[in-house]
Structures are given as structure tokens and as C-alpha cells.
Amino acid sequence: METVKYTSNSAKKSPMTPKAIIHQRFGDKAIYKVEEVQDLTQHGCPGLAVLQKGPCLYRCTLLLPEIIVVSDIFKRKKDAEQSAAEKAIEKLGIRQKEYNPTILEAWDDLASRLVFLFANEFLSSLHPLSGHFRAALRREGHFNGCVPVSVIALYDAKIGNICKHINPAAESSSLLVMSLVLKAAAKQTDVVLSFEEQLSLKKRNPYPPEIIQPSTDHESSLCYGGTIEVVRIPASLDKDVETVKLNIAATGYYLDVIGQELGVNEASNVLISRTIGKASSELRIYSCAAKRHLWDQLSELDVKQHIHLEGSLNERASYFSGQFVYGDAILASVGYTWKSTDLFHESVSLRTYYRILVNKIPNGAYKISREAILAAKLPVAFTTRSNWRGSLPRDLLCTICRFHNLSEPVLSVQLISLDSSQDLPGSHKKLKVMEADREEKSEAGLAAGCGNLVGSTEASSCEVKLYSKNQELILQCSPQEAYRRQTDAIQSAALKVLSWLDIFLEKPDTPLEKLKAVAEKLDIHLSLHYFLKEFASCHSVHKCGIAIAQACKSLNYSCSSDVVKDEPLFVAIGGQSSGTTPSNGYLASVCYSVSLVSDEDCMKEHLESCEEFEFEVGNEAVLPDLETVVAQMAVGQSSNVQTELVPCELILAAAGDAAATLSLLSSRSCKLEYNITLLRLTEPLEDRMEQALFSPPLSKQRVEFAVRHIKEFSASSLVDFGCGSGSLLDSLLLYPTSLEKIVGVDISQRSLARAAKSLHTKLNSLLDAKDTSSAIKSAVLYDGSITKYDSRLHGFDIATCLEVIEHMEEKDARLFGDVVLSSFCPKILIVSTPNYEYNVILQGSTLQSLEDDPDEKNQAQSCKFRNHDHKFEWTRSQFNRWASDLAARHNYSVAFSGVGGSADTEPGFASQIAIFRRCNDDYDRDRVAKMEFGHQYVVLWEWNTEDLLPKKE
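Definitions and limits used
- Residues numbered from 1 in each chain as written.
- Predicted model: local features only at pLDDT ≥ 70, side-chain atom pairs only at ≥ 80, totals over all residues.
- Heavy atoms only, no water.
- Helix = DSSP H or I, 4+ residues; strand = E, 2+ residues; numbered from the N terminus.
- Phe/Tyr/Trp six-rings, centres within 6.5 Å; stacked < 30°, edge-to-face > 60°.
- Buried < 20%, exposed > 50% of the residue type's maximum accessible area, 1.4 Å probe, protein only.
- Lys NZ or Arg CZ within 6 Å of the ring centre and 35° of its normal.
- Pairing = 2+ DSSP bridges.
- Axes fitted to C-alpha atoms, helices over the stretch in contact; angles between N-to-C directions.
- Contact = heavy atoms within 4.5 Å.
- Polar contact = N/O pair within 3.5 Å; in protein donor to acceptor, adjacent residues only side chain to side chain.

## Focus: unusual backbone geometry
Consideration 1: A cis amide bond links Glu 906 with the next residue in sequence, Pro 907, at an omega value of 5°.
Consideration 2: Relative to the helices and strands, Pro 907 is located in the loop between β28 (892-901) and β29 (909-918).
Consideration 3: The phi torsion at Gln 471 lies on the positive side, around 65°, for a residue other than glycine.
Consideration 4: Along the chain, the position of Gln 471 falls in the loop between β15 (458-467) and β16 (473-477).
Consideration 5: The phi dihedral of Asp 523 falls on the positive side, at around 65°, and the residue is not glycine.
Consideration 6: Within the element layout of this structure, Asp 523 appears in the loop between α18 (512-521) and β17 (524-526).

## Thoughts on the packing of aromatic side chains
Consideration 1: For the structure on display, the rule yields 27 aromatic pairs.
Consideration 2: When the centroid spacing of 5.3 Å and the interplanar angle of 40° are considered together, the rings of Trp 874 and Trp 882 count as tilted.
Consideration 3: Using a relative accessible area of 0% as the deciding quantity, one classes Trp 874 as buried.
Consideration 4: Here the aromatic residues Phe 872, Trp 874, Phe 879, Trp 882, Phe 896 and Phe 916 are joined through ring pairs into a cluster of three or more.
Consideration 5: Sitting above the plane of the Tyr 32 ring, Lys 19 keeps its charged end 4.8 Å from the centroid.

## Quick notes on the sheet that holds strand β2 (residues 31-38)
Two strands in a sheet stick together by hydrogen bonds in their backbones, pointing the same way (parallel) or opposite ways (antiparallel).
Consideration 1: Spatially, β2-β3-β4 is the arrangement adopted by the three strands of the open sheet, whose pairing is antiparallel. Sheet topology places β2 and β4 (68-70) at the edges, where each strand pairs with a single neighbour. Strand after strand, the sheet turns through a mean of 20° between neighbouring axes, direction not considered.
Consideration 2: Inspection of the sheet shows β2 paired to strand β3 (residues 56-63) by eight bridges, in the antiparallel sense. If you follow Ile 31 over to β3, its bridge partner there is Leu 63.
Consideration 3: Contacts between helix α2 (residues 77-92) and the sheet are confined to β2, β3 and β4, with β3 contributing the most and set at about 35° to the helix.

## A look at the side chain of Asp 797
Consideration 1: Position of Asp 797 among the secondary structure elements: in the loop between β25 (778-783) and β26 (798-802).
Consideration 2: Given a relative accessible area of 16%, Asp 797 falls into the buried group.
Consideration 3: At a separation of 2.8 Å, a polar atom in the side chain of Asp 797 contacts the main-chain amide nitrogen of Ser 716.
Consideration 4: Leave out the neighbours within four places in its chain, and Asp 797 touches Ala 715, Ser 716, Ser 717, Lys 827 and Ile 828.

Set out below in C-alpha cells:
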């Protein structure tokens with residue numbers, strides 16, 4: 001077993017990567033040339049006519065002024081570049097000096113850094129902190145030249161790094177950094193002045209006129225003054241957040257203006273948070289600092305623990321900033337940036353505030369990444385990167401950790417190699433492949449060089465750990481599932497953690513015992529004490545302000561959780577039906593717009609729209625009401641839908657004018673109105689590959705194969721096991737057959753509902769047209785598992801199970817075979833499943849290259865399963881052995897055939913088929929008589945001509 005750890009930033013042996021060291025030394029003179037290298041060790045599978053395509057490998061040549069270095073061969077370009085840089089460092093003898101001072105040395109470095117910052121040369125540098133120094137020189141009175149300690153502590157990364165060596169707690173405490181800066185300044189009185197009543201520092205000797213004049217004469221982008229919009233966050237949860245406008249002039253200091261809004265006299269009493277959201281933004285929380293006389297009484301331990309100084313704890317601002325904030329606070333986007341002397345600024349609206357709030361919940365972060373707050377929903381499962389839309393689970397988890405001030409998540413991938421008889425560690429399941437013996441591998445032409453083949457026993461599982469900034473383990477997810485691809489293991493494990501966090505954060509009323517039960521089901525172990533410590537303020541913050549709360553109370557609506565009815569309030573579908581309707585696994589593309597409408601006076605406020613929104617049907621990647629409606633539509637149709645309100649945080653995060661939306665919410669009874677158009681449906685990759693290579697498509701060839709056998713045996717009754725959306729049953733209506741009764745069984749109610757809609761329409765049309773080619777008198781759809789017996793389906797003329805068993809665990813597929821032949825006892829059973837050996841041809845098509853996983857395009861491409869949902873795929877020899885053994889056990893004969901390809905040409909049929917025939921009609925009647933004739937299935941839909949035709953008098 002091999003374990004590989006992943007974090008959002010790869011672990012580094014030194015503070016800088018080899019490429020960073022080379023760049024620091026040579027800059028643009030370092031030139032990297034990457035070339036693709038063909039892997040000559042990869043060959044086609046023996047016995048197959050189609051050669052495999054080897055993985056893409058890369059080698060990098062690094063050109064430096066002194067030397068030329070060539071890297072080893074790697075699967076990723078960036079690894080080749082780092083390898084070349086590492087070799088260059090070794091050849092040149094470059095040694096990176098690691099900063100690891102003693103405490104006394106760190107104190108000296110901190111004092112030296114302050115001297116540098118107050119040197120004449122620093123004033124004209126393009127550094128965010130130098131902007132504050134220049135602005136301080138424009139301050140009036142005795143504040144002239146005074147720079148707040150909070151600014152120095154925040155905007156100079158080197159000071160923060162030095163302070164960490166003096167006291168490690170400084171990494172998570174800006175107050176502690178400020179305290180250390182003040183102490184260091186007190187030892188440099190010949191250079192820096194500090195003031196008794198101010199948390200600020202000032203250069204002792206004035207700057208020379210030739211240094212100060214260019215800075216004071218510079219006209220910034222706000223030279224004539226400007227107004228910016230900011231959000232005020234009251235400390236009291238009973239007060240709503242609101243927008244206010246600040247007038248900031250270039251001749252002053254913007255922190256003085258923010259200080260006045262907070263009720264303090266000047267900038268040194270303003271505390272500044274780290275950036276919120278993206279590191280490149282200037283969105284920060286501004287709040288009041290403690291008075292200097294209280295500050296001096298604090299010990300470093302008190303500062304580290306954020307002892308309550310003055311005022312009430314501001315839970316919302318604390319939640320946003322990741323540090324304790326007391327009193328009212330301001331959320332603003334303004335400040336000095338790198339390589340610019342102008343003051344950056346942009347307005348912050350209520351919409352911005354609520355988008356940040358929504359972004360701190362996994363479901364909300366996914367919605368934001370899709371720019372579809374009122375439509376998208378975090379999917380329940382990771383399928384494939386080609387079907388997933390929006391940020392990937394691993395990236396979302398990193399975002400959530402960053403927003404909640406946690407360390408980067410640690411993802412450990414275990415590469416497992418074991419025999420088929422061994423269980424996966426921590427799992428009661430066998431590996432989702434069937435180990436074939438060496439003779440079978442040889443016969444099937446499957447060699448070790450073919451990548452992840454059926455005979456392969458290598459799989460991956462991923463463990464996820466979340467730590468606090470103090471490296472306290474707060475959550476550990478150890479999934480039992482194993483996956484063939486590392487990417488699937490990583491993304492699926494990350495999604496499990498996100499799913500649980502989503503329940504905890506989005507539904508604060510969920511009982512703790514239920515949360516623990518869900519965590520256990522998702523293989524998550526909590527360090528409850530540390531977890532609740534990190535997320536202490538979440539539930540109180542994720543509640544609406546008083547105005548929204550009053551509005552929701554009048555509507556008997558809870559803002560803290562979703563309120564979803566079984567069906568939307570109103571649905572109107574218009575437009576001619578094209579006959580092309582959604583099915584599980586398809587990608588649906590819709591155009592939609594959503595508005596907030598008032599029931600009382602028809603007032604409408606537009607909230608959100610999207611010209612093209614794509615999602616995977618059946619993966620719950622959209623709000624339930626929307627998927628329910630889209631499932632009833634055909635391509636080209638449009639619908640108007642009214643639904644109950646979603647949580648108000650989401651509505652305000654989507655609204656262009658949050659103030660107007662809030663006013664409408666608080667004064668009237670409202671609903672959401674969606675206008676949706678189904679633009680197109682994209683079939684799953686498996687279907688597209690088959691259609692690209694076969695005419696007619698394999699799906700149609702399978703139907704025609706079943707029709708031939710129906711006619712050959714003059715079958716009057718047919719049951720389709722695993723009927724899904726009814727594609728086979730629906731297609732059978734297009735052919736004249738002897739069938740009088742058709743039945744479908746599936747475990748997906750959503751798929752059965754689509755099948756019912758289609759069959760109902762077509763059967764009624766045939767009946768109205770008095771089409772004599774169809775003899776169908778009854779049709780029934782059952783909700784149930786095909787591994788369980790229901791006496792109503794006993795003894796049918798023909799049973800089909802087309803491309804179904806590979807979606808089951810192997811043990812369930814074997815169980816189905818035994819149940820259907822021993823209990824259902826059809827005269828004929830037709831079972832089809834993919835021929836694994838044919839995958840090398842299918843996946844060699846041009847379509848496959850369009851769907852490759854970027855993380856895995858360097859792996860062998862030829863032997864993947866055809867569908868992400870396939871649990872196994874059998875070779876011809878494995879399928880033949882399963883079918884032959886099954887037939888022998890239950891007194892059936894079996895013949896083999898297929899569609900797509902030829903039995904006489906390697907690698908056989910694309911879809912292999914077994915036709916089981918009951919050997920004797922006088923089968924074991926004693927055994928049948930002893931069987932329990934119970935009803936395990938639920939009738940979901942039923943159609944009967946006797947109920948539709950006029951009664952004869």
C-alpha cells in the first residue's frame with residue numbers, strides 16, 4: 001500500500017520551490033522548454049487489432065546563462081519544470097538560506113525592519129504599506145506622519161514572519177503582532193516615535209523635502225474626492241446590516257474617514273482584518289481597537305486568547321474576518337495595492353455581503369462558482385469531470401477551509417494492491433473488479449501493459465483531514481469506497497465532507513444526534529470539542545436580520561432551512577413536444593430567469609437569469625422543483641413555474657438591487673417565479689461513443705435484437721428488468737409484435753415517472769389511431785429491486801435486462817441471475833452487458849479525447865470503463881462463464897450473441913448478449929408451489945385498454 005498526501009498547495013521541502021529559487025536568481029533569463037515524449041513501453045493489448053495510445057509524458061530543458069539542464073521524464077509538465085530547476089540548483093551549488101533565527105535574533109530583525117520601513121527610500125517604493133506612509137504625511141495637526149500600528153502589522157509580510165519566530169501565536173493574532181511591533185519600536189527611539197494615546201508610530205526625523213514633495217504632489221485617482229459605498233455590520237444581531245456612504249478625499253487618509261464612521265477620532269484606533277475572499281482583493285473588516293492604556297495592561301497571552309476588551313462581540317464581523325471583532329464594524333473594499341501609488345476603491349453592496357455569507361456554506365460556494373444561486377445545488381455524487389459543472393469538490397473544500405480560517409485540507413490517497421479474495425481496508429466490500437485467472441487473461445488478450453484492466457487489483461481510496469490553524473484535528477473522513485482513479489477517490493471524499501458541513505451550516509436546527517448519525521454514515525469522525533470551537537458563531541450568523549425575520553414570520557417561513565414541497569406551486573409548460581426528454585446521466589442545458597413576485601399586487605423584482613445553464617440529470621445538481629419541471633419538458637419547450645421561497649440569504653445574494661428586494665420581501669407575501677426553456681440534451685459519453693462508431697446506434701441494435709426474439713417465440717408478455725426511463729418499452733411500440741402485456745421494473749421513481757409519461761402518451765395515441773400493428777392491452781411500471789421476487793412477474797414469455805447488470809455490484813448481478821431464473825422463471829431471458837475488450841476501440845475514438853480528465857490524461861486511456869457508474873465490465877470469457885454456470889444451475893440452456901462488431905473478428909461484439917431458454921415447460925412445479933407469492937413491488941403506473949375503451953351495454 002502506498003500513501004500520497006495532497007493539499008491545495010503541494011508540500012514543499014523548503015520555503016520556496018526550485019522554480020521560485022531559479023526565478024529569484026535569474027528572472028526572465030531562465031527559459032523553460034517542455035517537449036512531449038512518446039512512451040515506447042506501451043503496446044496494444046495482445047490479440048486486439050487496435051493499438052493502444054500510450055500516455056503523454058514530458059521532459060523539460062532549462063536554458064540558463066551559465067548552463068543548460070535537461071529534466072527526467074514526468075507525467076506532468078510542471079513536474080518536469082521543477083525537476084529541471086532542481087537539477088540546475090544542484091549543478092550551480094545554490095543553497096537557499098532558511099530563516100530560522102533565535103528569539104533574540106528575531107527581535108533584532110524586527111527592530112531592523114522598522115528602521116528600514118521608516119527610511120527615506122521606502123517612501124517612494126511601490127509597496128502597499130508605502131501608500132499608507134505617504135497618506136499619513138497628508139494628515140493634519142499632530143497626526144501628521146503618524147502611521148497606525150495595525151497597518152504596519154498587517155501590510156508587511158516580513159514583519160509577520162519575524163513575529164512568528166518570536167511567538168508562534170502571532171500567526172493567527174494580529175493583536176499580538178501589533179503588541180510586538182510596539183515593543184520593538186520602543187527600542188528604536190532614535191528612529192521611531194510612539195505615542196501614549198495612539199496606537200501609531202512616526203518617523204523621528206522629518207523626511208527631506210526632495211523625498212516628500214513628489215509624494216504629496218502626486219494626484220491619485222480620487223484627487224477630487226469620491227464617495228464609496230460600504231456595509232455597516234452592527235454588533236447587535238437585532239440590527240440589520242446596512243449600506244452607508246463614505247466621502248474619501250485624496251488629500252486625507254481614508255482610515256481616518258472609516259474611524260469617524262466607527263465613532264473613533266482617528267485611524268490609529270482602527271483594526272483591519274485580513275482580506276476576505278480572494279487574497280488579491282481589498283475587501284476587509286474594519287473595527288475599533290482598544291484604548292492604549294488598556295492595551296499596555298494586556299499580556300501576550302491575553303492578546304493571543306482575544307480577551308474581551310470593550311464593547312459587545314460582533315459575531316457577524318468575527319465570522320467574516322476569522323478573528324474576534326468587538327463593537328460595530330465596516331465591510332469595505334479600499335486600500336493601497338502593489339505596484340501602484342493610487343488608492344484602490346470599489347463600492348460594497350448588501351448583495352456583496354450576502355454573497356460572502358452564502359460562500360461560506362458548501363452549497364452556497366458551489367452556487368457562486370456556477371453563478372446560479374437560485375438554480376444550482378451541490379450534487380449528491382461526483383460522477384466525471386466531463387459531467388460536473390462548477391468548482392470541483394476538492395477546490396470547494398479548500399475554499400470553505402479558507403473562509404473559515406482553517407488550515408488547508410490534507411487529502412491522503414492510498415494506492416491499494418491486493419488479491420480479489422482480499423477485502424479493502426476499512427471496507428466490507430470486495431474490490432469492484434473481478435480477478436480473472438492467468439489463463440483467462442491470456443485468452444482475452446489482456447496484459448499488464450493495458451492499464452487498469454479487469455484483472456487489475458489496484459485501486460485508490462482517499463482520507464480527508466481538516467485541521468484548525470493551531471493544527472488541532474477537527475474532522476477526519478475515511479471513506480470505505482475504493483476507486484480505480486485517484487481523481488474519483490479524491491473528489492468523492494471531498495464531497496462527503498462538503499455534504500456533511502453543508503447540513504451543519506445550512507440547517508442549524510438539526511439535532512446533534514442526527515448530525516452524528518449522518519457523519520457516521522459518511523465515514524466521518526468528529527473531534528467535537530475542537531470542531532464546535534472553530535464553528536461556534538456559524539449558527540447565530542446564518543440567520544436573517546430583524547427585517548427579513550419579520551417578513552418570514554408573517555409568511556410562516558423559516559430562513560434557516562429549505563422549504564421544499566413535493567411539487568412546485570404552479571407549472572405551465574408550453575411549446576410543441578419534440579419527443580426528446582431528459583433521462584438520468586444526460587446533460588440538460590436550459591435558459592432561465594427568476595423573479596420575486598408578490599401575490600397581492602403582482603409586483604415583480606428580477607433576481608437572476610442565465611442564458612445557458614447545464615446540469616447532469618439525476619444527480620440533484622439543481623433545486624428539486626426545477627429538476628421536477630425539467631423532467632416533464634421536451635427539448636424546445638418552455639415553462640413558467642412558481643415555487644416557495646428559498647432561504648432569504650440566497651435571494652439577497654442573487655438580487656441586483658438587494659435593498660429593493662428586501663423591501664418587497666418585508667412588505668408582501670412573495671413567491672419565486674421561474675421561466676425555463678430546455679435548450680438541448682447531451683447524451684452520456686458511452687452513448688455518444690457508440691453512436692459515433694455504429695449505425696444504427698448500439699441502443700437501437702439491442703432493441704431490434706429483442707424484437708427479433710419476441711417475434712421468433714411469439715411472446716405475448718415481456719418484463720424489462722432495470723427499465724430506467726423506458727427506452728426499450730418505448731421503442732417496442734414502434735414495431736409490430738405479438739406482445740399484449742409489457743412491464744417495467746426499476747428502483748428509480750424519477751426514471752419511472754419519465755417512462756410513464758412517454759408510454760402513456762404513445763399508447764393513447766396508438767389507441768386513438770386504432771393502430772392494428774400494436775396488440776398491447778396493458779402496461780405496468782413497478783418500483784422495486786430486481787434482486788427481489790414479486791409473484792406478479794412470474795412466468796412471463798420473455799424477460800430482458802439490457803445494459804443493466806454492470807451498474808450493480810457484482811454480487812448483486814450474480815444474485816439477480818439466480819433470482820430471475822429460479823423464481824421469475826421466464827421462458828426466455830435476454831441479458832446484455834458491455835464487452836470490456838471492446839473498450840480499446842471505443843475509447844480510441846476522437847470523442848474520448850474531448851472527455852479526458854485533465855488530471856489523468858497522462859494515464860493509459862484505453863481500458864477505462866465506458867460509464868462512470870459502471871461497477872464492473874466483463875470480458876467475453878468472464879461473461880460466458882457466468883452465464884453458463886447460471887444456466888446449468890437452473891435448468892436453462894444459453895446461447896451467446898451480441899451487437900456491434902462481429903463474433904469472428906477481435907475483439908468480438910461491442911455489446912455481448914446471453915439468451916437463456918427454459919429447457920422444459922414442465923419445470924419444477926413443486927418448487928414453484930412452495931414459493932412465497934408476495935408482492936415486493938409497488939405499482940407506480942398502470943395502463944389498460946379495458947379502462948379506456950367504452951363499455952359495451
